[in-house]
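# Structure at a glance
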Amino acid sequence: MTKEEIKKIIKDKDISYIRLQFTDMLGDIKAVEIPAKKIDDALNNKVMFDGSSIEGFVRIKEADMYLYPDIDTFLILPFEDSSIGGVARFICDVHTPEGKPFVGDPRYILKKQVKKMEEMGIEKMLVGFEPEFYLFKLNPDGSASTNISDRASYFDLSPFDGGENIRREISLMLESMGFEVQTSHHEVGPGQNEITFKYSDVVSACDRVQTFKQVVKVVARKNGYLASFMPKPLNKQAGNGMHTNCSLYTEGKGDLFYDPKAEMELSSMCKKWISGILNHARELSLLTNPIVNSYKRLVSGYEAPIYACWSDANRSSLIRIPAIRGLATRTELRNVDPCANPYLALAGILACGLDGIKNIKEEDIIKPVKDNLFSLTEDEIKERNIDCLPATLHSAIKEFKKSSILKDVLGEHLWDKYIEAKEKEWKEYHTTVSEFELEKYLER
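The text that follows walks through the structure, step by step, so that each part is easy to find. Sequence positions are assigned chain by chain, starting from 1 and proceeding in written order. Per-residue local features are limited, in this predicted model, to residues with pLDDT of at least 70; the limit for side-chain atom pairs, both in listing and counting, is 80 or more; totals at the level of whole chains, interfaces and linings are taken over all residues. Note that water and hydrogens are dropped before the side-chain values are worked out from all heavy atoms of the structure.

### Some details on the pattern of salt bridges
Our working rule: A carboxyl oxygen of Asp or Glu within 4 Å of a side-chain nitrogen of Lys or Arg is what we treat as a salt bridge. Elements are defined by DSSP. Helices are runs of H or I of four residues or more, strands are runs of E of two residues or more, and each kind is numbered from the N terminus. Per-residue accessibility, obtained with a 1.4 Å probe over protein chains only, is compared with the maximum for each type, and a residue is labelled buried under 20%, exposed over 50%, and partly exposed between these values.
Per the counting criterion, the structure on display carries 21 salt bridges. The salt bridge involving Arg107 is made with Asp70; its shortest N-O contact spans 2.8 Å. Of the two residues, Arg107 is situated in helix H3 (residues 106–119) and Asp70 in the loop between strand S4 (64–69) and strand S5 (75–76); the sequence distance between them amounts to 37 residues. Each member of the pair Arg107 and Asp70 is classed as buried. A salt bridge links Glu399 to Lys402, with the shortest nitrogen-to-oxygen separation between them at 3.6 Å. Each of Asp70, Asp93, Arg107, Lys111 and Asp207 takes part in salt bridges that share partners, so that together they form one network.

Shown next, in the form of C-alpha cells:
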C-alpha cells in the first residue's frame, strides 16, 4: 500500500490510535502509540522514543531514537477494544537521529544477514515456525497460575481437550489478520497447544511470530487463561518448542535444498547448510535457547533434541528433514524455543548456514545419523563424534563468547550488551535458593 492508501483506510475504518512496534534485544515487543491524527508524523519517520530505557539499546546521553514504520506491516488489530475507536499497528525499524539504522536493532541485524545471502545469489530464505504454548487457568483475581486447562495429550479432542475453543478463536482471529493458518491441535503435555501458519520470507516470518504471540496471549486472557510460551513450565511434562523450518529459494531454480538426483534428494547446498549449523550449534544455543529455563526443556525423554546431528526422520536429532520433497524441501531445526528473539535467532542460523555453504568442502559434509540417539550410551555417542548441546545457560554463554561468527552477526554494540544481560540472568538464578533445595535439604 501507499501512504495515501493507508491514511484512507485509517479514516474509513475509524482508527483512533496507531501503535508503532519494535522488538528489544531480549525479544520483548515494545511500542509507542500516537493518535491517528498524527499519522503523518509516523509516515515521515518523525516519531521519537527514549532508547536508553530499552534493554540492549543506548546510554542516556545517546537516548533519542526514531521509529521508521515498515509500510508493508500496517495492520488493523481486531483484538483491541474498538468501542472508542480502532487500533492499527506498524512494525518499525529503529534509526538514529542521523537517519542511520541503529546497529542494535534486532530486525536490522537480521536484514544485514539477508543482504549477505542475496549477495551470494540466493534470493530468499523461507521460514515456517511451529510455536507451542500452554494454557493455564487464571486465578480469580486475574493473577497467573500453573493450573492446567485439561488432561489431554497429543491430538486429543474434547471432552479431554479444554483448549479447543480457544485455539479455534485464536485461529479465526489470525485468519482475519491475514495469516494462513495451517494446523491447530492439542500437543503432548496437558494444556499444551500448537498452531502453525504458512511460511514466508525470513523477516516477515519473524514479524508474524511476534504478532502471533500477541494474539495468543490476548485471546487466552479474554477467556480467563494465561498463554505461556515458557520453554518448560511444568515438571515432568513436555516443553514448549518452536521448531523452525528453513529453505533457500531463487526464482529460476526454486527450492535450492532439493535435488532429485542426489542421495536423499537433498542438494549439496542443503547438506553444507546443515553442516554449517551443526558446526556452530553449541554457540548458537544462546540465541535459540536464551533463558535459564530453556535448558530444562533440552533434556532426554521429552522429544527435545540434545545432540548436534541431523537425520531424515529421527526426532532425536537437532535437525530433521521432513519427508516431503520438491518445493517443500526444508530443514527443521528442533531446539529453538518460543522465548528466542526470532530476529536474532534467525540471523545467527542464517549466518551459520551460509558459512557452511561457502566454506565446507564436499568431503567435510556431516553425515546423517540413523540411530535413535536417546537409546545410545554416552560412550556410543562419543564414538560417533556427536556433540551435545549445552546443558545450562552458563555453558551456552561460555560457548557463545568463543564465537567469532556470531560476534560479527550481532556487532560490537549488541554483543557486549547481550552477554552482559545473560550473565546477569545466570547470576540471579545461580544465587537464588529454589523450592527444590528447600524441600530437599531444609530439614536434613
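### Some words on the nonpolar core
Most often, soluble globular proteins have nonpolar side chains that are buried together. We count it as follows: We define the nonpolar core as a collection of buried residues of types Ala, Val, Leu, Ile, Met, Phe, Trp, Tyr and Cys that are connected through side-chain atoms lying within 4.5 Å of one another. Any two residues whose heavy atoms approach within 4.5 Å are treated as being in contact.
Counting 100 residues, the largest nonpolar core has Met125, Trp273 and Leu346 as the members making the most contacts within it. At 11 residues, helix H9 (residues 342–359) tops the list of elements feeding residues into this core. Dropping the residues within four chain positions of it, Met125 is found in contact with Met117, Ser200, Asp201, Val202, Cys246, Ser247, Leu248, Trp273, Leu346 and Leu350. Core analysis: the next-biggest nonpolar cluster, separate from the first, contains 23 residues, Ile15, Leu67, Ile71 and Phe90 among them.

### Topic: a negative patch on the surface
The cut-off we apply is this: Think of a patch as exposed residues, more than 30% relative accessible area, with no salt bridge, where like charges cluster within 9 Å and nonpolar side chains (Val, Leu, Ile, Met, Phe, Trp, Tyr) cluster within 5 Å. Residue burial considers only the protein chains on display, and all accessible areas are found by Shrake-Rupley using a 1.4 Å probe. Residues counted as positive are Lys and Arg, residues counted as negative are Asp and Glu, and His and the chain ends are not counted. Note on charges: their place is set at NZ of Lys, CZ of Arg, CG of Asp or CD of Glu.
A contiguous patch of negative charge on the surface is contributed by Glu118, Glu119, Glu123 and Glu251. Position of Glu251 among the secondary structure elements: in the loop between strand S13 (242–250) and strand S14 (254–255). Overall, Glu251 belongs to the exposed group, its relative accessible area being 59%.

### Section: the packing of helix H7 (residues 281–288) against H9
For the record, the criterion: Interaxial angles span 0 to 180 degrees and are taken between N-to-C directions of axes, which are lines fitted to C-alpha atoms, for helices over the stretch in contact. Every angle not falling under 35 degrees, over 145, or within 65 to 115 is termed oblique; those three ranges are roughly parallel, roughly antiparallel and roughly perpendicular. Here a crossing is taken to be left-handed if its near helix is turned anticlockwise relative to the far helix by less than a right angle, and right-handed if that turn runs clockwise. Residues are grouped as follows: Ala, Val, Leu, Ile, Met, Phe, Trp, Tyr, Cys and Pro are nonpolar; Asp, Glu, Lys and Arg are charged; every other residue, Gly included, is polar.
Interaxial distance between H7 and H9 falls to 8 Å at its minimum, and their mutual angle equals 160°. One element, H7, and the other, H9, form an angle in the roughly antiparallel class. When the axes of H7 and H9 are compared, the crossing they make is left-handed. The segment H7 lies against H9, with Leu284, Leu287 and Thr288 engaging Leu344, Ala345, Gly348, Ile349 and Cys352. Here the residues of the contact of H7 with H9 sort into 6 nonpolar, 2 polar and no charged.

### Quick look at unusual backbone geometry
One non-glycine residue, Asn45, adopts positive backbone phi at about 60°. In this fold, Asn45 is placed in the loop between helix H2 (39–43) and strand S3 (47–50). Unusually for a residue other than glycine, Lys236 sits at a positive phi of about 60°. Assignment of secondary structure puts Lys236 in the loop between strand S12 (225–228) and S13.

### Concerning the environment of Ser153
If you trace the backbone, Ser153 turns up in the loop between strand S8 (147–148) and helix H4 (164–176). Given the relative accessible area of 30%, Ser153 is considered partly exposed. Measuring from C-alpha to C-alpha, the distance between Ser153 and Gln192 comes to 8.0 Å, with 39 residues separating the pair along the chain. Contacts of Ser153, omitting those with residues within four sequence positions, involve His186, Glu187 and Val188.

### Brief notes about the side chain of Asp93
To keep it simple, the criterion reads: Two N or O atoms count as a polar contact when they lie within 3.5 Å, although within protein this holds only if one can serve as hydrogen donor and the other as acceptor, and sequence-adjacent residues are included solely when both atoms are side-chain atoms.
Structurally, Asp93 is set in strand S6 (residues 86–95). In terms of polar contacts, Asp93 uses its side chain to reach the side chain of Lys111, at 2.9 Å. Not counting residues within four places of it along the chain, the set of residues in contact with Asp93 comprises Tyr66, Leu67, Tyr68, Asp105, Arg107 and Lys111.

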